[in-house]
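What follows is each chain in one-letter form.
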Amino acid sequence: MNILVGISAVPDTTTKISFVENNTKFNTEGVQFIINPYDELALTKALEITEAQGGEVTIITVGDASVEPVMRKALAIGAQKAIRVNTVAKDGMHAAQCIKDAIAGQSYDLILTGRESIDYNGGQVAGILSEMLDMSLINVVTSIEVNDGKVTAVRDIDGGRETVEASLPCVLSAQKELCEPRIPNMRGIMQARMKPLEVVEPSVDYSATNYDSYELPAEKGSVKLIEANNAEELIDLLRTEKKLI
Amino acid sequence: MVFVLVESEEGKIKKYSQEALTYGADLAAATGSSCAAIAIGEDTDTSDLGNYGADKVYHVTGSGLEAFSPGGYATAVADVVSNNGGNYVIVSGSYTGKSVAPKAAVKLNAALATGVVAMTDGNSIRKTCFSNKAFSKVSMSGDVKVITVVPNSYEIKSYDKAGSVESVSTDVGSSVKTKSISIDKVKGKIPLTEAELVVSAGRGLKGPENWGMIEELADVLGAATACSKPVSDMDWRPHSEHVGQTGITIKPNLYIAVGISGAIQHLAGVSSSKVICVINTDPEAPFFKAADYGIVGDAFEIVPKLLARAKELKAS
Ligand SMILES: Cc1cc2nc3c(=O)[nH]c(=O)nc-3n(C[C@H](O)[C@H](O)[C@H](O)COP(=O)(O)OP(=O)(O)OC[C@H]3O[C@@H](n4cnc5c(N)ncnc54)[C@H](O)[C@@H]3O)c2cc1C
Ligand SMILES: Nc1ncnc2c1ncn2[C@@H]1O[C@H](COP(=O)(O)O)[C@@H](O)[C@H]1O
């Protein structure tokens, strides 16, 4: 069982977001980058599957050299090999194209990604890859089982869940609850330094979208406080002022 | 031409698809074009789609479209769009839409933007990024553009359009690569992602046994229930209720947060709610800074009062 896991390096969840160059660039100063939380789940699940059934986990990241510490952390968690495509992805289409080209000639039974990256929140890469590689797709999954060349997964749907079966090879995107993410231990960290991290150059310079500018959400006006002993008033205000109930 | 994929359940058009149709109709008006709906599957009621903004409806049925599959639906959408000269494909950011849009974009060799909350003009959109901590204006190039619209970000308008239906029969069987084994719908409850009103609670509630009053308040208001991450991590509440940066992102008209501190990761998932009410014993709780209304007080005193008043109003 060969599994490829897409790892995206994203700002730590506590990051206060700000922009520079006249609001055209994300301000990375002082920002700590981490493995996208959903990708941590995808990676852990991939390790669980290969530990039970044999096989190898390769991680891939489209990014410049600054993402390597994040990739080393993924290797420390347990992935065997890493590939970095040396460019900054402009959008999901670009990232997926780079991944597709970088793995041409290799074969994976499963490709796991996160449900979405928490920086650009695309939720695109899994779907695009499945189409480009002509693989089956099960998106936003909370469970994965692989048996006899088939994968059975539970995915979120609007208002519930669906159990879906697909043949291999298959692309799946990880949703919370898929597993408990692993944290690297000392031995893992030591071993990670020796593991292969291959750097490949991108073959395309494509992008159909451009992030022109950014803005922060409008500040809330100050909160209207209601006395605790008069709490019922909240319901009345929601009804009369806001016409919500 | 602008195409909009519409979803339905038990024949009825989903609210988020009505929103996507409004987006499509507005985009068609802005670009001097017309708006066509794509409805997939036998049991969709297409009769109302003109009122939601469709000049025309393509009702696609056939082998491989009996049940949802990302491959089957994406093929159906891409075929209709390319056979009829589509420039824009609008899809709701529902779970279905999120599986279909990227595949359709590849098939159509299109630019793709997801998480869209507004249209700036025909070639650019406004989307959420950094988990709702920011927005970006994104320009799109190319002949075909695929856009997913975040549910509850576009107000439904009513139209008086023809909505004439053209039946398309097709066979997408070869692109169906997944098989549905079973579907488990949460019965009798409003799905969180579709709820207009949400009552949510956090660790301040002390334990799962105290959720009765939260559920009751939600019930009386016609709201869905949600919770913070630690609450679902401790299994006080189901994971499907966890909202925030690593949970579900929602933007209801009303979000009532009880005993939730308002950590940055929690706010990321709920800060786009139109009206936010916070109930917390700690006047310094960060959530108050993001709130429209606040009550500094003990949930175990405040919630019963709100409940009593809501019941009173409901009865009158
Ligand atoms: C990578 C990462 C991702 C995360 N993602 C998410 C996410 O998606 N969603 C999320 O919610 N969190 C997330 N978190 C966790 C987040 O940082 C907070 O820890 C969490 O939101 C706190 O939950 P809480 O407000 O319920 O609990 P607490 O922070 O413990 O707050 C409880 C609040 O209840 C108040 N209170 C206590 N008693 C009462 C009472 N009787 N009446 C009224 N109020 C009372 C307290 O004053 C306090 O403000 C994430 C954290 C990390 C590191
Ligand atoms: N630059 C990247 N390199 C490798 N994998 C990525 C990259 N961007 C996104 N992915 C993967 O695709 C998933 C969805 O990302 P996105 O479509 O950007 O929201 C992420 O959770 C990753 O698993």
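Refer to the structure presented above.
Residues numbered from 1 in each chain as written. Chains lettered and ligands numbered in written order. Predicted model: local features only at pLDDT ≥ 70, side-chain atom pairs only at ≥ 80, totals over all residues. Heavy atoms only, no water.

## Examining the overall build of chain B
Each helix and strand in chain B was counted, giving 7 helices and 17 strands. Rg of the C-alpha trace for chain B: 21 Å, near the compact-globule value of 20 Å for 316 residues, within the 12% margin. For chain B, the C-alpha atoms occupy an extent of roughly 60 × 40 × 40 Å along the three principal directions. Residue burial in chain B is summarised as follows: out of 316 residues, 60% are buried. Long-range pairs, those at least 24 residues apart, make up 63% of the contacts in chain B between residues at least 6 apart in sequence. On chain B, roughly 11800 Å² of surface is accessible, and the fraction owed to carbon and sulfur atoms is 48%. Here chain B holds 30 positive side-chain charges and 34 negative ones, and the gap between their average locations is 5 Å. (Helix = DSSP H or I, 4+ residues; strand = E, 2+ residues; numbered from the N terminus. Rg over C-alpha atoms; globule rule 2.2 N^0.38 Å. Buried < 20%, exposed > 50% of the residue type's maximum accessible area, 1.4 Å probe, protein only. Contact = heavy atoms within 4.5 Å. Areas by Shrake-Rupley, 256 points an atom, 1.4 Å probe, with all protein chains shown as cover. Lys, Arg positive; Asp, Glu negative; His and termini not counted. Charge placed at Lys NZ, Arg CZ, Asp CG, Glu CD.)

## Structural notes on the packing of helix H1 (residues 37–53) of chain A against helix H2 (residues 68–77) of chain A
Residues and elements named next belong to chain A. Contact geometry of H1 with H2 gives a least axis separation of 10 Å together with a crossing angle of 30°. Compared by their axis directions, H1 and H2 come out roughly parallel. At the point where H1 passes H2, the crossing takes the right-handed sense. Contacts between H1 and H2 involve Glu40, Leu43 and Leu47 on the former and, on the latter, Lys73, Ala74 and Ile77. Along the lines of polarity and charge, the residues of the contact of H1 with H2 split into 4 nonpolar, no polar and 2 charged. (Axes fitted to C-alpha atoms, helices over the stretch in contact; angles between N-to-C directions. Parallel < 35°, antiparallel > 145°, perpendicular 65-115°, else oblique. Left-handed = near helix turned anticlockwise from the far one by under 90°. Nonpolar A, V, L, I, M, F, W, Y, C, P; charged D, E, K, R; others polar.)

## Section: the site of ligand 1
Taken together, 27 residues lie near ligand 1, and B:Ser228, B:Ser261, B:Gln265, B:His266 and B:Asn280 sit nearest. Lying at an intersection of chains, ligand 1 is approached by residues of chains A and B. In this structure, an oxygen atom belonging to ligand 1 sits 2.9 Å away from a side-chain N or O atom of B:His242. In this structure, B:Thr281 approaches ligand 1 through a main-chain N or O atom, which is 3.3 Å from a nitrogen atom. Counted by class, the shell around ligand 1 contains 6 nonpolar, 16 polar and 5 charged residues. (Near = heavy atom within 4 Å. Polar contact = N/O pair within 3.5 Å; in protein donor to acceptor, adjacent residues only side chain to side chain.)

## Looking at the pattern of salt bridges
Counted under the stated rule, the structure contains 34 salt bridges over all chains. Between B:Lys103 and A:Glu131 there is a salt bridge; the shortest N-O distance is 3.2 Å. With B:Lys103 in helix H3 (residues 95–107) and A:Glu131 in helix H4 (residues 125–132), the pair connects residues from two separate chains. You'll find B:Lys103 and A:Glu131 in the same group, each marked buried. Measuring nitrogen to oxygen at the nearest pair gives 3.7 Å for the salt bridge that ties A:Asp212 to B:Lys137. One end of the pair, A:Asp212, is in strand E14 (residues 209–215); the other, B:Lys137, is in strand E9 (residues 134–140), on a second chain. Residue A:Asp212 is classed as partly exposed on the basis of its relative accessible area, which comes to 23%. Through salt bridges with shared partners, a single ionic network connects B:Glu9, B:Lys14, B:Lys185 and B:Glu194. (Salt bridge = Lys/Arg side-chain N within 4 Å of Asp/Glu carboxyl O.)

## Quick look at the interface of chain A and chain B
With 78 residues of chain A at the interface, the matching set in chain B holds 82 residues. When the area that chain A buries against chain B is broken down by residue, the three leading residues are A:Asp158, A:Lys176 and A:Lys220, summing to 11%. For the pair chain A and chain B, the interface holds 9 salt bridges. The tally of links between chain A and chain B comes to 46 residue pairs in polar contact (both at pLDDT 80 or more). Mapped onto the side of chain A that touches chain B, the elements with two or more residues apiece are H1, H4, strand E9 (136–147), strand E10 (150–157), strand E11 (160–167), E14, strand E15 (224–225) and helix H6 (232–240) of chain A. The dominant element in the side of chain A that touches chain B, judged by the number of residues it contributes, is E11(A), at 8 residues. Bridge count for E14(A) against E9(B) is 6 bridges, and the pairing is antiparallel. (Buried area = accessible area lost by both parts, 1.4 Å probe. Pairing = 2+ DSSP bridges.)

In short, shape yes, function no, at least from these values alone.
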